[in-house]
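Here is how the chains run, residue by residue.
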Amino acid sequence: MASNVSRDAPVGVFDSGVGGLSVLGEIRMLLPNESLLYIADSGHVPYGEKSPEFIRERCRVLAAFLLNQGAKALVLACNTATVAGVAELRELYPQLPIIGMEPAVKPAAAATKVGVVGVLATTGTLKSAKFAALLDRFACDVRVITQPCPGLVERIEAGDLSSEQTRTLLQGFVTPLLEQGCDTLILGCTHYPFIKPLLQTLVPPSVSLIDTGAAVARQLQRLLEERSLLANGPARPAQFWSSGNVTQLENLLTLLWGDRSLIQSFDNIESDC
Ligand code: DGL
């Protein structure tokens, strides 16, 4: 990245869909001076069951698009994209602050009282070598039970955070974890914080739910600070793009973000990059 990059340049954030808005919200809260760009790659959601090669290609395309828009830093607001693509992006853009995310195994291992932790995440995240390494590093002293959640991201993308159908699906994922004695559940996908209220109705109050959105925002703050890139503000309105149905993103933004801001389609992004 050029050394003359402006501190008031925007931060680029992407996810397979609207899940990353849970991270964007934490960034907005911690760093209100930062201007934010967000891509929902909804034309390709879910990433969870797709090949690492496919996801890596999406990461390259989305990163290039955000950099063309002037992003001074990138946040992969997606666990699945991070395990597949963050290493390659760091090789491609060695000077650029790039923040990925991973399931909160370390804080969960520290938090569990009974020594049993459950992880709700996508198949792609749970199958990855990066996740296995995370367990080796931080979970030697606890039992970790993993639970892929196929179909859950699709419910959230449909804006269905609380129907009977979503409840039944979620219950099917959570019950085995509770039966095995977990007292700490990791929300290892950025979509899942949006169903936290529903999840809380399915688990006893003694079970802690842990996600990493706030930690990612703090890591972004650290990296920008180190490079003297924290914005002076005021922030410009957040800008949003979807590779899928823009009307659907507008509706979801009203539900999950609170305003429709400025939404654009980037359907032709592939031909631009
Ligand atoms: N929200 C993403 C994650 O954190 C991806 C979900 C998906 O598209 O399957 O893993």
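No experiment lies behind these values; they were computed from the predicted model shown. (Residues numbered from 1 in each chain as written. Predicted model: local features only at pLDDT ≥ 70, side-chain atom pairs only at ≥ 80, totals over all residues. Heavy atoms only, no water.)

Novice: Please clarify how the overall build of the protein chain should be interpreted in this entry.
Specialist: When you go through the protein chain residue by residue, the secondary structure sums to 12 helices and 10 strands. Counting only C-alpha atoms and orienting by the principal axes, one finds that the protein chain spans roughly 55 × 40 × 35 Å. Across the 273 residues that make up the protein chain, the buried fraction comes to 52%. Within the protein chain, contacts between residues separated by at least 24 positions form 78% of all contacts whose residues are at least 6 apart in sequence. Surface accessibility of the protein chain: about 11700 Å² in total, with carbon and sulfur atoms responsible for 50%. One finds the centroid of the 22 positive side-chain charges in the protein chain at a distance of 5 Å from the centroid of its 27 negative side-chain charges. (Helix = DSSP H or I, 4+ residues; strand = E, 2+ residues; numbered from the N terminus. Buried < 20%, exposed > 50% of the residue type's maximum accessible area, 1.4 Å probe, protein only. Contact = heavy atoms within 4.5 Å. Areas by Shrake-Rupley, 256 points an atom, 1.4 Å probe, with all protein chains shown as cover. Lys, Arg positive; Asp, Glu negative; His and termini not counted. Charge placed at Lys NZ, Arg CZ, Asp CG, Glu CD.)

Novice: Can you help me understand the side chain of threonine 125 in this one?
Specialist: Relative to the helices and strands, threonine 125 resides in helix H5 (residues 123-127). Exposure remark for threonine 125: the relative accessible area of 0% places this residue in the buried category. Side chain to side chain, threonine 125 and threonine 122 meet in a polar contact 3.1 Å long. Leaving out residues up to four positions away in the same chain, threonine 125 has contacts with Asn79, Thr80, Val83, Pro103, Phe131 and Gly188. (Polar contact = N/O pair within 3.5 Å; in protein donor to acceptor, adjacent residues only side chain to side chain.)

Novice: Looking at this structure, I do not really get the pairing of strand S10 (residues 262-265). What am I missing?
Specialist: Here strand S9 (residues 239-242) pairs with S10 via four bridges, running parallel. Directly across from phenylalanine 240, in S10, lies its bridge partner isoleucine 263. A crossover connection joins S9 to the parallel S10 through helix H11 (residues 246-256); in handedness this β-α-β unit is right-handed. (Pairing = 2+ DSSP bridges. Right-handed = clockwise from strand over helix to strand, strands pointing away.)

Novice: Hey, could you run me through the nonpolar core in this one?
Specialist: By size, the foremost hydrophobic cluster in this structure holds 56 residues, and its most contacted members are Leu21, Ile27, Val75, Leu120, Tyr192, Leu220 and Phe240. Ranked by residue count, the leading element in this core is helix H10 (residues 213-226), at five residues. For phenylalanine 240, the contacting residues outside a window of four places in its chain are Leu21, Leu24, Tyr38, Leu249, Leu253, Trp257, Ser261, Leu262, Ile263 and Gln264. (Core = buried A, V, L, I, M, F, W, Y, C linked by side-chain atoms within 4.5 Å.)

Novice: Explanation requested: the packing of aromatic side chains in the structure shown.
Specialist: Here the structure, examined in full by the defined rule, presents three aromatic pairs. Ring geometry for phenylalanine 65 and tryptophan 241: centres 5.3 Å apart, planes at 80°, overall edge-to-face. With phenylalanine 65 in helix H2 (residues 52-68) and tryptophan 241 in strand S9, this pair connects stretches of sequence that are 176 residues apart. Per residue, the accessibility class of phenylalanine 65 equals that of tryptophan 241, and both read buried. Centroid distance phenylalanine 240 to tryptophan 257: 5.7 Å. Interplanar angle 70°. Geometry classified as edge-to-face. A residue pair is termed long-range when its members are at least 10 positions apart, and phenylalanine 240 in strand S9 and tryptophan 257 in the loop between H11 and S10 qualify at 17 residues. The residues phenylalanine 240 and tryptophan 257 share a single accessibility class, namely buried. (Phe/Tyr/Trp six-rings, centres within 6.5 Å; stacked < 30°, edge-to-face > 60°.)

Novice: Looking at this structure, how should I read unusual backbone geometry?
Specialist: Leaving glycine aside, a negative phi is the common case for residues, and trans is the common case for peptide bonds. Residue proline 46 follows valine 45 across a cis peptide bond; omega there is 0°. Along the chain, proline 46 falls in the loop between strand S2 (36-40) and H2. Proline 234 follows glycine 233 through a cis peptide bond whose omega is -5°. Along the polypeptide, proline 234 turns up in the loop between H10 and S9. Backbone geometry places serine 228, a non-glycine residue, at a positive phi of 55°. With respect to the element layout, serine 228 can be found in the loop between H10 and S9.

Novice: Even after reading the chapter, I still don't get the environment of glycine 151, so can you show me in this structure?
Specialist: Tracing the backbone shows glycine 151 in the loop between strand S6 (143-148) and helix H7 (152-157). Taking the relative accessible area as the measure of exposure, glycine 151 reaches 25% and is therefore partly exposed. A sequence separation of 103 residues divides glycine 151 from glycine 48, and the C-alpha atoms of the two residues are 9.5 Å apart.

Novice: Help me understand the pattern of salt bridges, please; the structure alone is not making it clear to me.
Specialist: Applying the stated rule across the entire model yields eight salt bridges. The partner of aspartate 211 in a salt bridge is lysine 196, and the shortest N-O contact between them spans 3.9 Å. Here lysine 196 lies in helix H9 (residues 196-202) and aspartate 211 lies in the loop between strand S8 (208-210) and H10, a separation of 15 residues in the sequence. Residue class for aspartate 211 comes out partly exposed when judged on its relative accessible area of 29%. Accessibility expressed as a relative area gives 23% for lysine 196, which makes it partly exposed. Across the pair arginine 227 and glutamate 226 runs a salt bridge whose closest N-O atoms are separated by 3.8 Å. Exposure remark for arginine 227: the relative accessible area of 33% places this residue in the partly exposed category. Residues joined in a network through salt bridges with shared partners are Glu57, Arg60 and Glu88. (Salt bridge = Lys/Arg side-chain N within 4 Å of Asp/Glu carboxyl O.)

None of this, on its own, says anything about what the molecule does.
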